[in-house]
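Spelled out, the chains give:
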Amino acid sequence: MSAFLSLENIYKTYPGQDGLVLADVNLTLAKGEIVALLGASGSGKTTLLKIVSGLESQDKGRVVLDGKILDGLPPEKRSTAMVFQKSLLFRHLTVAENINFAPRLNRAFERAELRARTSAMLELLHLEGYGRKRVTELSGGQEQRVSLGRALMTEPSLLLLDEPLSALDINLKWALLMEIRELNVRLGQTMLYVTHDQKEAAAVANRVAFLDGGRLARVARPHEFYSRPLSLAEAKFFGWENFIPCSLENGRLRSAMGEYALPGLALGAYRPGEGYYMCIRPEAAKNVGSGAWSGVVKSALPQGLGTLCEIECRGETLKLVLPARFVHHPGESVSFDLDPELFWVVPS
Amino acid sequence: MKRFTAVLPFLPLVVLMATAYVWPVGTVVRGSFIEADGTAGIGNYRQILESYYFRDALFFSLRTSFLSTFIAMALALVMALALRDTFPGKRLALFMSQYNLSVPRLAAAMIMVLLLSPTGFLSSAAYSLGLTDGVAGFPWLVYDAKGIGLVITFVWKFFPYIGLSVLGILQSASRELEEQAATLGVGPWRRFFHVVLPTVIPAVTVSTILVFAASFGDYEAPAILGSAQRRSISVMLYLKYVDPDMKNPPEAFAMMVLSSLVLMVLILGYRWLTAGGARKRGL
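What counts and what doesn't
- Residues numbered from 1 in each chain as written.
- Chains lettered and ligands numbered in written order.
- Predicted model: local features only at pLDDT ≥ 70, side-chain atom pairs only at ≥ 80, totals over all residues.
- Heavy atoms only, no water.
- Phe/Tyr/Trp six-rings, centres within 6.5 Å; stacked < 30°, edge-to-face > 60°.
- Helix = DSSP H or I, 4+ residues; strand = E, 2+ residues; numbered from the N terminus.
- Buried < 20%, exposed > 50% of the residue type's maximum accessible area, 1.4 Å probe, protein only.
- Domains from an automatic or database assignment.
- Salt bridge = Lys/Arg side-chain N within 4 Å of Asp/Glu carboxyl O.
- Expected span 1.5 Å × (residues − 1).
- Arc of directions from axis to C-beta.
- Pairing = 2+ DSSP bridges.
- Axes fitted to C-alpha atoms, helices over the stretch in contact; angles between N-to-C directions.
- Contact = heavy atoms within 4.5 Å.
- Polar contact = N/O pair within 3.5 Å; in protein donor to acceptor, adjacent residues only side chain to side chain.
- Buried area = accessible area lost by both parts, 1.4 Å probe.
- Parallel < 35°, antiparallel > 145°, perpendicular 65-115°, else oblique.
- Nonpolar A, V, L, I, M, F, W, Y, C, P; charged D, E, K, R; others polar.

**Student:** Can you lay out the packing of aromatic side chains for me, pointing to particular residues and giving the numbers?
**Tutor:** Residue and element names in this part refer to chain A. Tallying each qualifying case throughout the model produces 20 aromatic pairs over all chains. Ring centres 4.2 Å apart and planes at 35° place the aromatic pair Phe90 and Phe101 in the tilted group. You can see Phe90 sitting in the loop between strand E6 (80-83) and helix H2 (95-99) and its partner Phe101 sitting in helix H3 (residues 101-105), a full 11 residues away along the chain. Since its relative accessible area comes to 1%, Phe90 is described here as buried. Take Phe101: its relative accessible area is 1%, and that puts it in the buried class.

**Student:** How would you sum up the domain arrangement of chain A? Please name residues and give values.
**Tutor:** Accessible area lost on assembly of the parts is the figure often given for the size of an interface. Domain assignment breaks chain A into domain 1 (5-227) and domain 2 (240-347). With centres defined by C-alpha atoms, the gap from domain 1 of chain A to domain 2 of chain A works out at 39 Å.

**Student:** So what's going on with the pattern of salt bridges? Residues and values would help.
**Tutor:** A full pass over the atoms with the stated rule returns 24 salt bridges over all chains. A salt bridge links B:Lys240 to B:Glu251; its shortest N-O distance comes to 3.1 Å. Of this pair, B:Lys240 sits in helix H12 (residues 233-242) while B:Glu251 sits in helix H13 (residues 248-281), and the two are 11 residues apart along the sequence. Take B:Lys240: its relative accessible area is 23%, and that puts it in the partly exposed class. Looking at B:Glu251, the relative accessible area reads 6%, which means it is buried. Through salt bridges with shared partners, a single ionic network connects A:Glu113, A:Arg117 and A:Glu155.

**Student:** Give me helix H6 (residues 105-116) of chain B: which residues, what numbers.
**Tutor:** All names here are of chain B. For H6, built from 12 residues, the straight-helix expectation of 16 Å at 1.5 Å per residue is met to within 8% by its first-to-last C-alpha distance of 16 Å. By the burial criterion, the buried members of H6 are Ala108, Ala109, Met112, Val113 and Leu116. Burial along H6 is one-sided: seen end-on, the buried residues are contained in an arc of 145°.

**Student:** Account for the sheet that holds E6(A), naming residues and giving values.
**Tutor:** Residue and element names in this part refer to chain A. Pairing is mixed in the open sheet, where six strands are placed in the order E6-E7-E8-E3-E9-E10. One side of each edge strand has no neighbouring strand; the edge strands of this open sheet are E6 and strand E10 (215-220). This sheet shows a mean twist of 20° between the axes of neighbouring strands, independent of strand direction. Pairing between strand E3 (residues 34-38) and strand E8 (residues 190-195): five bridges, direction parallel. For Leu37, the partnering residue across the bridge sits in E8 and is Val194. Helix H5 (residues 140-152) contacts E6 and strand E7 (158-162) of the sheet and is inclined by roughly 175° relative to E6.

**Student:** Describe helix H4 (residues 52-83) of chain B, with residues and values.
**Tutor:** Across its 32 residues, H4(B) extends 45 Å between first and last C-alpha, which sits within 8% of the 46 Å expected from 1.5 Å per residue. A distance of 3.3 Å separates the backbone nitrogen of B:Tyr53 from a side-chain oxygen at the start of H4(B), and that oxygen is part of B:Ser51.

**Student:** Give me the lowdown on the interface of chain B and chain A, citing residues and values where you can.
**Tutor:** Facing the 22 residues of chain B at the interface are 28 residues of chain A. Interface area for chain B against chain A, summed over the two sides, is near 2000 Å², with a carbon-plus-sulfur share of 59%. Three residues stand out in chain B for area buried against chain A, namely B:Gln180, B:Thr183 and B:Leu184, and they jointly supply 31% of the buried area on that side. At the boundary of chain B with chain A, the tally comes to two salt bridges.

**Student:** Residue-level account of the packing of helix H5 (residues 90-98) of chain B against helix H8 (residues 148-171) of chain B, with values.
**Tutor:** All names here are of chain B. Between H5 and H8, whose axes approach to 9 Å, the crossing angle comes to 140°. Comparing the axis directions of H5 and H8 gives the class oblique. Facing H5, whose interface residues are Lys90, Leu94, Ser97 and Gln98, H8 presents Phe159, Pro160, Leu164, Leu167 and Gln171. A class-by-class count of the residues in the contact of H5 with H8 yields five nonpolar, three polar and one charged.

Structure (structure tokens):
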């Protein structure tokens, strides 16, 4: 994979703030790729995006885009464009004037061509007929579409998106995520997409870069984070629950809950005698009512099709999602099996 | 009956407005039409409009107010742009730029006398430094017919009003919009004219109206710093009102009505212009 964007050994601190905001971050993007920068609040993902855009500068390291070193260049001199969490539309302009804001001010095109490109962008974003409207007349989703169109009109080499959909309701969010993917395919637009939502990252990105405490913990395809996390932090972030201390003996996991065969593991990666956590996904419960495991329900939280239950079982409290058709009340006994495919092991 | 019940909670406010505003204004307007012989007419207005001194005072007040407002606005914008970033000593700079808000206008005028008069601090300092050869060599900045001291006082006293209202916007909404424009490839000058200015115009409009009206109607500063040859409209009006000649109060009333009308027309015209611009810009 040839690197279109290359972030090399990026370090960043803020004055008056203890510790590194970013430490030795190395990341590459191929042309036309979408990479999601994923992490909890304060993990440094927005700072990294601002360093690429030129709104912040790194203490150490290099940003190279399409063979050109960007360090020291102001934002307007980089061929990047950014879409923020807030749409940040210019309230004194119409929708069309917002969309063609940058090329109009920079006199990038002749008037007729600018008009044609603006119309084409409005069409691409399903905003035909909105060109003359005030931006104050738009809904939240439409505002964010205009913001996206305004950035795309600059024909950036790299589009930076900083949690662009986090303020939208869930249905609108998924609709726009699909549109962003479609734009990526149609325009071949390279994108760096910041989010704290692992589902959003998995839906939009070709690859996910997971930032943990300012360090780039792992870059991988989204499903790998779900099925094979490499650390406790990763496992927690991608929806794993039930972290049970265990050790590895004779190729089997030994824990307070019993002894199990390692589920589909590359055994070489694990060393006997060291401490591990056995992780069990909440969706692992099956054969509810007739399984070999049994426990007592401590709490039950309905979640639509399933109920998230805390179950006291073999000295541990397991969080498992049980089908909603079985009504469970605290204090009741329940039996179930656990799907070994939804077990995983991470170092403690 | 229903309508009356709905109005009932506002009745105390209506009574208060009537006694504190409508009644005195009504008395002034009525008084302005009572002529020297006790009959009703427009003689007072004719008398005043034909008076060179009134026209001169009106022109003088308008000129000093326009100049003060314009300079205060320019200074306020520079101040707000300089103070929006974080830098060492920012708190002190912020304090220095707004402490004059707490100085009463009378005290502000007296400070200017101490500072700018021919025997004041600046004059003494200029003489000590050998820049002038005495009191006569220092320019007349107070008690002058051009109103320079007045303009300086109004600017000093009023520019924080505009500056602080603009600063709030520059530090929040405008900053984000500027960053957005920068990431779209728009340079600093274009960002200033196409993003910063349109964002602060509503706040500037409101605060400049307040500053213009305050300096136009101010009495203390012109009374202390003004010259005997050229009076501001407020000083002239007061002198007319307290004059022992009984025919003068009705003329003072007519003067009040006329100057209020001029101010009102100017403010409404300004609002109409800026609101038109804002409508055009969708604000």
